[in-house]
Structures are given as structure tokens and as C-alpha cells.
Amino acid sequence: MVWSEPRGSEASGPYFFLSYAHTPGDGDDDSDPDLWVHRLFRDLSGHIRHMTTVSGSDAGFMDRNLRTGQNWPDEIAQSLTGCRVFVPLYSPRYFISPWCGREWTVFGRRRAEFVDKAEAGTPSAVVPAIWSPVPDRQLPDTVRDMQYTHPDLGNRYRTFGLYGLIKVNSFRADYQRAVLQLARRIVEVGESIAVEPGDGTHLKSAHDAFAPPRAARSTASRTLRISVAAGSQDRLPEGRSPDCYGSSPLAWNPYHPESDQPLVRTAEAVAGRLDYRPVVQEFDHDSGPADGPEILLLDRWVLRDPGHRERLKVFDADSTRPTGLVVPWNEADPDSHGVQHELAAEVESAMPLRTSRQRLAGRSAALGIPDHRTFNQLLPEVVTWASKEYLRTAAAHPPSGTGTERFRVGDSGSHAGRPPQHRRNAEEGNRDEQP
């Protein structure tokens, strides 16, 4: 293989773009949950620098490097439209992330062709890597035909993914081999396939490549109730500007201007990807239990209103409703400066049952979601938890009619339907009582 200088306009972008799903923190730990992804990025970048002539800063891109205050969607789109190779890190979280789906779309719009015109087939500058194994049945249709196992990366790579290799000391040699081979594959693709610069499409307006077809979303049999407790422009919470509100609570957009749509639209899209039919409504504490799992999107500013606060307290006191509580807030909103801890305490005080349940379930991060991207990452986890709670507490509805009596061996008049010599001993019998 002959490695060349960057070609034309490609010199302005990174050699590879690492696309990954951010792992949300648990709210009680200041450590970086994506530390190991960054370790992989550094190792890949080092190999790329040794295998090519690119400078250190041009080896790769991952959005961890963006500084607070930058317009990060524009920065990501710029790198996507200039990089040579797109490297998605497959994981269960990756394919439910709308931002990852948009990154895939933005790169996929760029036309690719083989440098050697004699090569046959459809050129693709996408080099997937397994971060955490994903069952084939969970892969979206848009990626099912793409090779991603890379046999030369080793059997343990396919079994455990790069995350498993990097976390287990005894797999150190397997990790080093897998990363080196992955880097070789990235360079091979980068030198054999030319990808035209993109058109600068803004990431926010791109389509989520992993979202199911609209028809599939509309025919989902399972329902998910999405209730919204928020203010509106004609009923603004105390201390709030009208920028994040509309004509009704359903128009609430706490992440304005980062997001240009009401929060319920995002929640509906997440529900569709999880194969739920969303049923959206304004919060009503008298609405009764849902016929499926339920989540409550809470604007904690409304707790300053005595009426709203009392209705939410009544709702929280009903322990029979397994509702997932999601509390978005905007860390960039000037209204929130100086009152964040006060408002968080209001949520704990007004809804002690819901908050304590979620903390015990490890879902405390959903009680204060600071930005739109984290909301997209955490909401599927809360929905999944709420669904399990619903199934655990839902009343059973056995079919009507008389069931068939269980067949028993032996005389029906004998103890337990068996002759004494055939009865199991006490130890065997106790096994039926174990879960």
C-alpha cells in the first residue's frame, strides 16, 4: 500500500471521524463515562499518524474535543463533510441515538468513488467497529448489509467488542491487535476511496438514518403515554421568559435555541424507535392509569405555582402508577442561573416517591437533564424502565373459562396424587418455591 498526501480539499478535514453514542453519567459521579472511548480515539489517532503523513490535529475527530460555548452541531457537520473515513462505534446505545443517525446521514450524502477506476463494486468509506456487541436483529435496516465484524481483528473482538478488550487486562494483546488492524483498515479505505466534500448540511436538519419508517411507527401495538407538565405563554411560571413556551404545555421547548421543536416531538420519535405508539397529553392528575407504560416530562419551574405543585403531589402519592419521571432543564438558559439547586430540591420535595424510585433503579440522571443530546440518550432508558415496571405491576387477565385440571400420576385419593414412595424429598420440593 502506498500512502499519499491528503488530496485536494480533503486536507481541510480529519482523516477519520469517530461517531459514537455518549454514555450519560449517573448524576453522582464526576468521572468521564466516555473515558475509554477517548482512549480508543487516542490509540487510533496515533496509528494513523504513523501510517500516513497527516499532522496530529488532522488524524481524527471526536466531539469530546469541543469546548463549552462552541456551536458544536456546526463543528461536527464541518468535520463530517471534510473527513476521509467515517468510523461508527456500534453499541446498543448507538442505534437509538438520533444524533448518531444524523451523523450517518450527513456522511452518507457525500458521493464516493474508487481511486483506481478498475475496482468493481459500490465504494463506501464507512468502517464500522464494534464497541459493544449488538445482536443482528437490533441493527437498523440501513446498516444490515454492511460488513462490520472484520475477521482480522480477532475472535475476542467479535465476542467482547473493543470495550470488553480495553477493560480486561488479560485481553491487552487482543486490544492492541484489534486497534492496529482497525487503523490499517481505515487507512486502506482512506487511500482507495475518494469522498467528495459535503455540502455543509446542518446536522440538526439531517434525517435520523436509524429511525424506523413512519408506517412502522404508526402501527406499533404498544402504547406509551407521554404527559407534559409545563407552562405556556399565557401562563408563564414565575421568573421565566417566554422563549421556551408556546400556546400550550405541549409546545414546551426547554432546549431553545439548540432545539427548534417542542420536546414532545423528540419524545415521540424516541417512542417510535422503541416500537411504541406515543399518546401525548397535557398532565392531568385525574386522568387515571395508562394502558401501558407512562413517562412524565416535568418543567420544574411549574412547581413555583401552588396549584401545579399540589396536583403533582397528588399524582406522586398514587403508588400504583409506574411512571418514569423525566426532568429536562437547560444549563445554558440564563433564567436557570442561581436557582438550579433550589428548583431541583422542589422536585424532590413535591415528588418524593417518583424520585426515590428512580434513584433506587439507577435512573437519577433523568431527574436533571441539562441538554437536548443527553435527553435523547436518557429517555430510552427511562422508557425501558417504565415498561418493566408496568409489566411487573399490571394486573393479569387470564382467559375466560375453566382451565384443564393438571394431570397427576397415581391414585387421586393419595396425598399429593402420588404414592408415598414416589414423593420427592423435602429438598426437591423446596425447589418449586425458589424463583
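Asker: Summarise the overall build of the protein chain; cite the residues concerned and give the values.
Answerer: Tallying secondary structure elements over the protein chain gives twelve helices and ten strands in all. Within the protein chain, buried positions represent 46% of all 435 residues. A separation threshold of at least 6 residues defines the contact pool for the protein chain, and within that pool the share at least 24 residues apart is 76%. About 22,400 Å² of surface is accessible on the protein chain, with carbon and sulfur atoms providing 49% of the total.

Asker: Can you explain the packing of aromatic side chains? Please cite residues and give values.
Answerer: Counted according to the given criterion, the structure contains 15 aromatic pairs. Between Phe17 and Phe61, the aromatic rings sit 5.2 Å apart at their centres with planes inclined by 25 degrees, giving stacked as the arrangement. Here Phe61 lies in strand S2 (residues 60-61) and Phe17 lies in strand S1 (residues 16-19), a separation of 44 residues in the sequence. Residues Phe17 and Phe61 agree in their burial class; the two are buried. Arranged with centres 5.4 Å apart and planes meeting at 85 degrees, the rings of Phe283 and Phe315 form a pair that is edge-to-face. Of this pair, Phe283 sits in the loop between strand S8 (276-282) and strand S9 (294-298) while Phe315 is found in helix H8 (residues 306-317), placing the two residues 32 residues apart along the sequence. When its relative accessible area of 14% is taken as the criterion, Phe283 is described as buried. Three or more aromatic residues link up through ring pairs in this structure, and these residues are Phe17, Phe61, Phe86, Tyr90, Tyr94, Phe95, Trp104, Phe107 and Phe210. In this arrangement the basic side chain of Arg102 is found over the ring face of Trp99, its NZ or CZ atom lying 4.7 Å from the centre. One cation-aromatic arrangement involves Arg222 over Tyr276; the distance from NZ or CZ to the ring centre is 3.9 Å.

Asker: How would you sum up the confidence of the model for the protein chain? Please name residues and give values.
Answerer: Low pLDDT marks stretches whose predicted atomic positions should not be read closely. Overall, the predicted model of the protein chain reaches an average pLDDT of 81, with 81% of residues at or above 70. Below pLDDT 50 for its whole length, residues 1-11 participates in 27 contacts with residues either more than four positions away or in separate chains. Counted against residues more than four places away or in other chains, residues 406-435, with its pLDDT under 50, gives 13 contacts.

Asker: Let's hear about the sheet that holds S8: which residues, and what values?
Answerer: What the four strands build is an open sheet, ordered S8-S7-S9-S10; its pairing is parallel. Lying at the two open borders of the sheet, with one neighbouring strand each, are S8 and strand S10 (323-326). Shown here is a sheet whose adjacent strand axes are inclined to one another by a mean of 25 degrees, direction ignored. Bridge analysis of S9 against S10 gives four bridges, and the strand direction is parallel. What sits directly across from Glu294, in S10, is Thr323.

Asker: Report on the pattern of salt bridges, specifying residues and quantitative values.
Answerer: Taken as a whole, this structure holds 21 salt bridges when the rule is applied. The partner of Arg93 in a salt bridge is Glu381, and the shortest N-O contact between them spans 2.2 Å. On the criterion of sequence distance, the pair formed by Arg93 in the loop between strand S3 (85-90) and helix H3 (98-108) and Glu381 in helix H11 (residues 372-393) is long-range, its members being 288 residues apart. Arg111 is paired through a salt bridge with Glu196; the nearest N and O atoms lie 2.5 Å apart. Of this pair, Arg111 sits in the loop between H3 and strand S4 (112-114) while Glu196 sits in the loop between strand S6 (193-195) and helix H6 (214-218), placing them 85 residues apart in sequence. Residue Glu196 is classed as partly exposed on the basis of its relative accessible area of 37%. Among the charged side chains, a salt-bridge network with shared partners connects Asp63, Glu103 and Arg373.

Asker: Please provide a residue-by-residue account of the packing of helix H1 (residues 35-51) against helix H5 (residues 172-192), values included.
Answerer: For the pair H1 and H5, the least separation of the axes is 9 Å and the interaxial angle reads 55 degrees. It follows from the interaxial angle that H1 and H5 lie oblique. Considering how the two elements wind past one another, H1 and H5 form a crossing that is right-handed. Facing Arg39, Leu40, Asp43, Leu44, His47, Ile48 and Met51 of H1, the residues of H5 in contact are Arg172, Tyr175, Val179, Leu180, Leu182, Ala183, Arg184, Ile186 and Val187.

Asker: So what about the pairing of S3? Which residues, and what values?
Answerer: With six of six residues buried, S3 is to be regarded as a mostly interior element. Because side chains alternate across S3, one face comprises the buried residues Val85, Val87 and Leu89, and the other comprises Phe86, Pro88 and Tyr90, equally buried. Sheet analysis places S1 next to S3, joined by four bridges and oriented parallel. Directly across from Phe17, in S3, lies its bridge partner Phe86. With two bridges joining them, S3 and strand S5 (residues 129-130) adopt parallel strand pairing. By the bridge assignment, Leu89 is partnered in S5 with Ala129.

Asker: I'd like to hear about the sheet that holds S1, residue by residue, with values.
Answerer: The four strands lie next to each other as S2-S1-S3-S5, forming an open sheet whose pairing is parallel. The strands lining the two open edges of the sheet, one partner per strand, are S2 and S5. Both S1 and S2 contribute to a ladder of two bridges, which runs parallel. Across the sheet, the residue bridging to Phe17 is Phe61, located in S2. Of the strands in this sheet, S1, S3 and S5 are in contact with H5, which crosses S3 at around 145 degrees.

Thresholds applied
Residues numbered from 1 in each chain as written. Predicted model: local features only at pLDDT ≥ 70, side-chain atom pairs only at ≥ 80, totals over all residues. Heavy atoms only, no water. Helix = DSSP H or I, 4+ residues; strand = E, 2+ residues; numbered from the N terminus. Buried < 20%, exposed > 50% of the residue type's maximum accessible area, 1.4 Å probe, protein only. Contact = heavy atoms within 4.5 Å. Areas by Shrake-Rupley, 256 points an atom, 1.4 Å probe, with all protein chains shown as cover. Phe/Tyr/Trp six-rings, centres within 6.5 Å; stacked < 30°, edge-to-face > 60°. Lys NZ or Arg CZ within 6 Å of the ring centre and 35° of its normal. pLDDT = per-residue confidence, 0-100. Pairing = 2+ DSSP bridges. Axes fitted to C-alpha atoms, helices over the stretch in contact; angles between N-to-C directions. Salt bridge = Lys/Arg side-chain N within 4 Å of Asp/Glu carboxyl O. Parallel < 35°, antiparallel > 145°, perpendicular 65-115°, else oblique. Left-handed = near helix turned anticlockwise from the far one by under 90°.

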